[in-house]
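# Structural features, examined
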Amino acid sequence: MSDVPEGPRAASDGGPAVRRLADWEANTLAELAAEHGTPLYVFDPARVRENCRRLTAAFPDTEIQYAAKAHTGRRTLQTVHDEGFAIECASAGEVQRALAAGIPGSDVTYTAVNPPARDLDAVVKTWEEHPSLTITAGAADTLDRLAERGFDGRLRIRVNPGIGAGHHEKVVTGGHPKFGVGLDRVPELAESAAERFEFAGIHAHAGSGISGEQLADHRELVSRMGDLARTLEDCGLPVETVDVGGGFGVPYREEAPALDLEAVAAATREALGETDATLAIEPGRYVVADAGVLLTTVNTVKEAPEMVVGGIDAGMTTLLRPALYDAYHAVRNLDTETDDGEDRETVGATLAGPVCETADLLCENRPLPRPERGDLLAVGNAGAYGYEMASTYNTRPLPAEVGLDGDLLRRRGTVADVTEFEEPNGFAAAAPRSDQ
Ligand code: LLP
């Protein structure tokens, strides 16, 4: 997607094109860390609103669905819905959370990827109470399984567009056989779908974190979807929406330019071409990434021959992205700013979490102020796929999350939370009998 240098405020209420890690107020973050402890996610719903408004301005006449998986917090879902977005859900659980947050069924879509029977059972049951809910299915099999359950509601077909893009091979979805129905097979399946369901359109998703250099791939995907929509229309199958997915990238590196949304939108419209269908998009990361930071404390400093290793209390269980995708997240040492501008030499710092795995590194040999025990660090762009991908591996309870205004959004987990599902006598029941 096309990049431009960060410019003046894009729209009066849309805020700047990007919020950098340096833009967060150090004293506010330090106060939140002092009150709630670390590791701590800090999230700013006001920034979510700004991101929504820039998207709305760039994509008029477009159905915008927020991909809930990026950050499923209740307040986030309510904020984006309040800004006019619908909610795209990746599981029956997300559907349940969207409805519980007060989102009407007509603004909820469930994108079923190899859906477990339990998910289909739950979503079809939900649909009976909320018949305007939409399901997007990516396999002929899924259509049959939905019909078997009595579903005859709104259905979109997920297309495999034969082309994908993304910040890492593990998040490129378009073109992978796992996702969607091959372009050439869609007309036949759509015809059968129209007989059994309320056919509501077509969907494709290229991948996540699409960069400036990948605009051509996005364009190609949209153009193939436009062609497909016209083929279906020519077959007498009205296409309500052409959903071209999410994937809009954000700059994780401080020096990387912001995405030029206007240019992306113009390219999307142009590539789609003439159709009666409504354009739909599904951004997740773009809405929430720069609305969140992660705060973590240095607890151990080790001078290794090659580098200084700073042990921190946030690990791959707190923020998985560096371990899983080698993802870069900016780091800022707040203590060098709040301790009366104390001077620190810059060293090659490796920040390592508390998990006994070499993958548990936030960064390696990065030029940073020499870390000292007790330093408070802020990690940028943690709002998308941060808290959501956290785990309790190593019996590390989940971190807390607070709003920038100090409201507790998700309390810190406890060991009791982690062991809650364990049957205390589970092994005893399975133990061999003494007479065997
Ligand atoms: N629509 C569908 C069908 C998706 O599968 C996704 C993301 C989105 C929309 C939203 O994509 P976004 O606008 O957020 O790029 N955990 C990875 C990202 C995985 C995204 C999976 N699908 C990461 O942290 O980079």
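Residues numbered from 1 in each chain as written. Predicted model: local features only at pLDDT ≥ 70, side-chain atom pairs only at ≥ 80, totals over all residues. Heavy atoms only, no water.

### Regarding the overall build of the protein chain
- Within the protein chain one finds 14 helices and 20 strands.
- With the C-alpha coordinates of the protein chain rotated into their principal frame, the extents come out at 75 × 70 × 40 Å.
- A separation threshold of at least 6 residues defines the contact pool for the protein chain, and within that pool the share at least 24 residues apart is 73%.
- Summed over its atoms, the accessible surface of the protein chain is roughly 19000 Å², and 48% of this surface lies on carbon and sulfur atoms.
- Placing the 40 positive and 72 negative side-chain charges of the protein chain at their respective mean positions leaves the two points 2 Å apart. (Helix = DSSP H or I, 4+ residues; strand = E, 2+ residues; numbered from the N terminus. Contact = heavy atoms within 4.5 Å. Areas by Shrake-Rupley, 256 points an atom, 1.4 Å probe, with all protein chains shown as cover. Lys, Arg positive; Asp, Glu negative; His and termini not counted. Charge placed at Lys NZ, Arg CZ, Asp CG, Glu CD.)

### Section: the nonpolar core
- Leu 55, Phe 59, Tyr 66 and Ile 202 are the most contacted members of the largest nonpolar core, which has 79 residues in total.
- Ranked by size, the runner-up nonpolar core spans 18 residues in total, among them Ile 312, Leu 319, Leu 351 and Leu 362. (Core = buried A, V, L, I, M, F, W, Y, C linked by side-chain atoms within 4.5 Å. Buried < 20%, exposed > 50% of the residue type's maximum accessible area, 1.4 Å probe, protein only.)

### Observations concerning the site of the ligand
- The full set close to the ligand counts 20 residues, and His 167, Ser 208, Glu 282, Arg 321 and Tyr 385 are the nearest of them.
- Between Ser 208 and the ligand, the recorded distance is 2.4 Å, taken from a side-chain N or O atom to an oxygen atom.
- Interatomic distance of 2.6 Å between a side-chain N/O atom of Arg 321 and an oxygen atom of the ligand.
- If the ligand stood free it would expose 590 Å²; the protein chains cover 92% of that surface.
- For the shell around the ligand, a count of residues per class yields six nonpolar, eight polar and six charged.
- The residue makeup of the shell around the ligand includes at least three contributed by each of domain 1 (45–288) and domain 2 (290–418). (Near = heavy atom within 4 Å. Polar contact = N/O pair within 3.5 Å; in protein donor to acceptor, adjacent residues only side chain to side chain. Nonpolar A, V, L, I, M, F, W, Y, C, P; charged D, E, K, R; others polar. Domains from an automatic or database assignment.)

### Focus on the domain arrangement of the protein chain
- Assigned domains of the protein chain: these are domain 1 (45–288) and domain 2 (290–418).
- For domain 1 and domain 2, the distance between their C-alpha centroids amounts to 32 Å.
- Between domain 1 and domain 2, the residue contacts involve 22 residues of the former and 19 residues of the latter.
- Taken over both partners, the interface formed by domain 1 and domain 2 buries close to 2000 Å², and the fraction arising from carbon and sulfur atoms is 49%.
- Considering only the side of domain 1, the residues that lose the most area to domain 2 are Arg 75, Tyr 252 and Val 288, jointly responsible for 29% of the buried surface there.
- Summed over the shared surface of domain 1 and domain 2, the result is three salt bridges.
- Arg 75 is the partner of Asp 405 in a salt bridge, and the nearest nitrogen-oxygen pair spans 3.1 Å. (Buried area = accessible area lost by both parts, 1.4 Å probe. Salt bridge = Lys/Arg side-chain N within 4 Å of Asp/Glu carboxyl O.)

### A short note on the pairing of strand E18 (residues 376–379)
- Burial along E18 is two-sided: Leu 376 and Ala 378 facing one way and Leu 377 and Val 379 facing the other are all buried.
- In the sheet, strand E13 (residues 292–303) pairs with E18 via four bridges, with the strands oriented antiparallel. Of the residues in E18, the one forming a bridge with Thr 296 is Leu 377.
- Relative to E18, strand E15 (residues 331–333) is paired through three bridges, and the arrangement is antiparallel. Within the sheet, the bridge partner assigned to Arg 332 lies in E18 and is Ala 378. (Pairing = 2+ DSSP bridges.)

### As for the pairing of strand E3 (residues 62–67)
- Within E3, five of the six residues are buried, which leaves it mostly tucked inside the rest of the structure.
- Two elements, E3 and strand E12 (residues 278–281), share three bridges in a ladder whose sense is parallel. Residue pairing across strands places Glu 63 opposite Ala 280, the latter belonging to E12.
- Pairing geometry for E3 and strand E4 (residues 86–89), over three bridges, is parallel.

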